[in-house]
Amino acid sequence: MALALNNDLPVGVVHSPERFRGTVNLLAFGGVHLVALAALFGPINLKLVGIAIVSFLIRKFGITAGYHRYLSHRTFKTSRLFQFVLAWIGCSAAQKGPLWWSSHHRVHHQESDGPRDLHSAVRDGFWWAHVGWVLDSRYDYTDYRVVPDLARFGELRWLNKNSLIPPILLAAFCLLLGGLPGLLWGFFVSTVVLWHTTFFINSACHLFGRRRFETRDTSRNSAILAILTLGEGWHNNHHYYPSSVAQGFYWWEIDVTLYVLRFLEKCGLVWDLRRPPDRVLALGKSRTAP
Ligand SMILES: [Zn+2]
Ligand SMILES: [Zn+2]
């Protein structure tokens, strides 16, 4: 457990992109890319592409609804069981543990583009914000003090420490489902696409796109990334009012995660979805036409 206080880095760690340290992480990350690339030279058919798309969509929802909107921002409520289900699905996207993800993300919001923000695209550059900080082993720690509301659940702490189990089980399931090509497409190809679409929110969505709201950070909205990430591309909206379950604030801002959560609300699996206040919607509407 890190000895850090809130958003302080652990003792001895100085946030500096120039001091990258993460050879093992880099080899694993590069290896997954190479295997995914190899899939493109093997058999390709509708079944394999279908497995990859389903694997992508379910796990992307685990990241957007589970890791981000629920665990990081608590924008809706659910049962302890479904909380674990969301965390497990998010964890299967191979983006480290739920408490690691949420703790660093909360600091990103508290310190956006400041010296304590580990992935500021404007300060440290596109590639550092995109993936450099994820691979740097100095930031593999989880600061449990940033997520005390989550750390009190033993099953979430267990998942955080054993974050490779869900992706490994998923890889095994894909192998059973479609043999080696099923593994390559259902796990490796879809994981690489999952990674980069998530990472683009930290990199591209702080560099390119429109700013509807004046925020103290550099967050921007991107319709293309919103489609690719099930709604996360409305990043300027999100930075302005992060406690809203919706990131697309208006009907023309496609936010698939929100639509699925509304469906789950009707099923009774989630409740108390937090909406942006009318004053925020009115302010945003006055600043941007559809
Ligand atoms: Zn956020
Ligand atoms: Zn951001």
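Parameters at a glance
- Along each chain, numbering runs from 1 in the same order as the chain's sequence is written.
- Both sets of labels track the order of writing: A upward for chains, 1 upward for ligands.
- pLDDT decides what is reported in this predicted model: residues at 70 or higher carry local features, side-chain atom pairs at 80 or more are listed and counted, and totals for whole chains, interfaces and linings draw on all residues regardless.
- With axes taken as lines fitted to C-alpha atoms, and helix axes fitted only over the stretch in contact, angles between N-to-C directions fall between 0 and 180 degrees.
- Helix numbering and strand numbering both begin at the N terminus, where a helix is a DSSP run of H or I of at least 4 residues and a strand a DSSP run of E of at least 2.
- Roughly parallel refers to an angle under 35 degrees, roughly antiparallel to one over 145, roughly perpendicular to one between 65 and 115, and oblique to any angle outside these ranges.
- Throughout, a residue-residue contact means that the two C-beta atoms, derived from backbone geometry, are no farther apart than 7 Å.
- Any residue outside Ala, Val, Leu, Ile, Met, Phe, Trp, Tyr, Cys, Pro, Asp, Glu, Lys and Arg is labelled polar, Gly included; the first ten of those are nonpolar and the last four are charged.
- Partly exposed residues are those whose C-beta has more than 12 but fewer than 20 other C-beta atoms within 10 Å; with 20 or more the residue is buried, with 12 or fewer it is exposed, and the C-beta atoms are placed from the backbone.
- What a helix should span is 1.5 Å times the count of its residues minus one.
- To be clear, the arc concerns the directions from the helix axis to the C-beta atoms.
- Throughout this description, the term nonpolar core refers to a group of buried Ala, Val, Leu, Ile, Met, Phe, Trp, Tyr and Cys residues whose C-beta atoms join them within 7 Å.
- Here pLDDT means the predictor's own confidence in every residue, given as a number from 0 to 100.

On to the packing of helix H2 (residues 46-72) against helix H12 (residues 256-266). Interhelical geometry of H2 versus H12 gives an angle of 80 degrees and a closest axis separation of 10 Å. The angle between H2 and H12 falls in the class roughly perpendicular. Where H2 approaches H12, its residues Phe-61, Thr-64, Ala-65 and Arg-69 are matched on the opposing element by Thr-257, Val-260 and Leu-261. Looking at the contact of H2 with H12 residue by residue, the class counts come to four nonpolar, two polar and one charged.

This part takes up the packing of helix H4 (residues 98-110) against helix H8 (residues 154-161). Here H4 crosses H8 at 95 degrees, and the two axes come no closer than 7 Å. Judged by the inter-axis angle, H4 sits roughly perpendicular to H8. On the side of H4, the interface is formed by Pro-98, Leu-99 and Trp-100, while H8 contributes Leu-156, Arg-157, Leu-159 and Asn-160. Considered class by class, the residues forming the contact of H4 with H8 number five nonpolar, one polar and one charged.

The next point concerns unusual backbone geometry. Positioned with a positive phi, Arg-74 is a non-glycine residue whose angle comes to about 50 degrees. When the 15 C-beta atoms within 10 Å are taken as the criterion, Arg-74 is described as partly exposed.

Residues separated by three or four positions in an α-helix point in the same direction, a consequence of the helix having 3.6 residues per turn. Its 13 residues give H4 an end-to-end C-alpha distance of 18 Å, which sits within 8% of 18 Å, the value for a rise of 1.5 Å per residue. Counting buried residues in H4 gives eleven out of 13 residues, a clear majority hidden from the surface. Every buried residue belonging to H4 is among Pro-98, Leu-99, Trp-100, Trp-101, Ser-102, Ser-103, His-104, His-105, Arg-106, Val-107 and His-108, and all of these are buried. The elements touched by buried residues of H4 are H2, helix H3 (80-91), helix H7 (148-151) and H8.

Here we come to H12. Along H12, the residues that are buried comprise Thr-257, Leu-258 and Leu-261. The buried residues of H12 occupy an angular sector of 95 degrees when the element is viewed end-on, so they sit on one face. Exposed residues on H12 whose side chains face more than 90 degrees from its buried face are Phe-263 and Lys-266. Directly beyond the C-terminal end of H12, a positive phi value near 85 degrees is found at Gly-268.

With 52 residues, the main nonpolar core has Trp-185 and Val-189 as its most contacted residues. Contributing elements (two or more residues each) for this core: helix H1 (23-39), H2, H3, H4, helix H6 (126-135), H8, helix H9 (165-202) and H12. For Val-189, the residues in contact, after removing those within four places along its chain, are Ala-36, Ala-39, Ala-52 and Leu-184. One finds Ile-201, Ala-204, Cys-205 and Leu-225 within the second-largest nonpolar core, a separate group that totals seven residues.

Moving on, we get to the confidence of the model for the chain. Low pLDDT marks stretches whose predicted atomic positions should not be read closely. Per-chain confidence: the chain averages 92 in pLDDT, with 94% of residues scoring 70 or above. With pLDDT under 50 throughout, residues 1-8 is counted as low confidence; its partners more than four residues away or in other chains account for 20 contacts.

Among the secondary structure elements, Ala-151 is positioned in helix H7. Note on Ala-151: 19 C-beta atoms within 10 Å, which makes it partly exposed. Apart from residues lying up to four places away in sequence, Ala-151 is in contact with Leu-99, Tyr-144 and Arg-157.

Moving on, we get to the environment of Thr-78. Following the sequence through the fold, Thr-78 ends up in strand S1 (residues 77-78). Taking the C-beta count within 10 Å as the criterion, Thr-78 has 20 such neighbours and is therefore assigned buried. Taking C-alpha positions, Thr-78 is 6.2 Å from Trp-271, a pair spaced 193 residues apart along the chain. In contact with Thr-78, other than residues within four places in its own chain, are Tyr-70, Gln-83, Leu-269 and Val-270.

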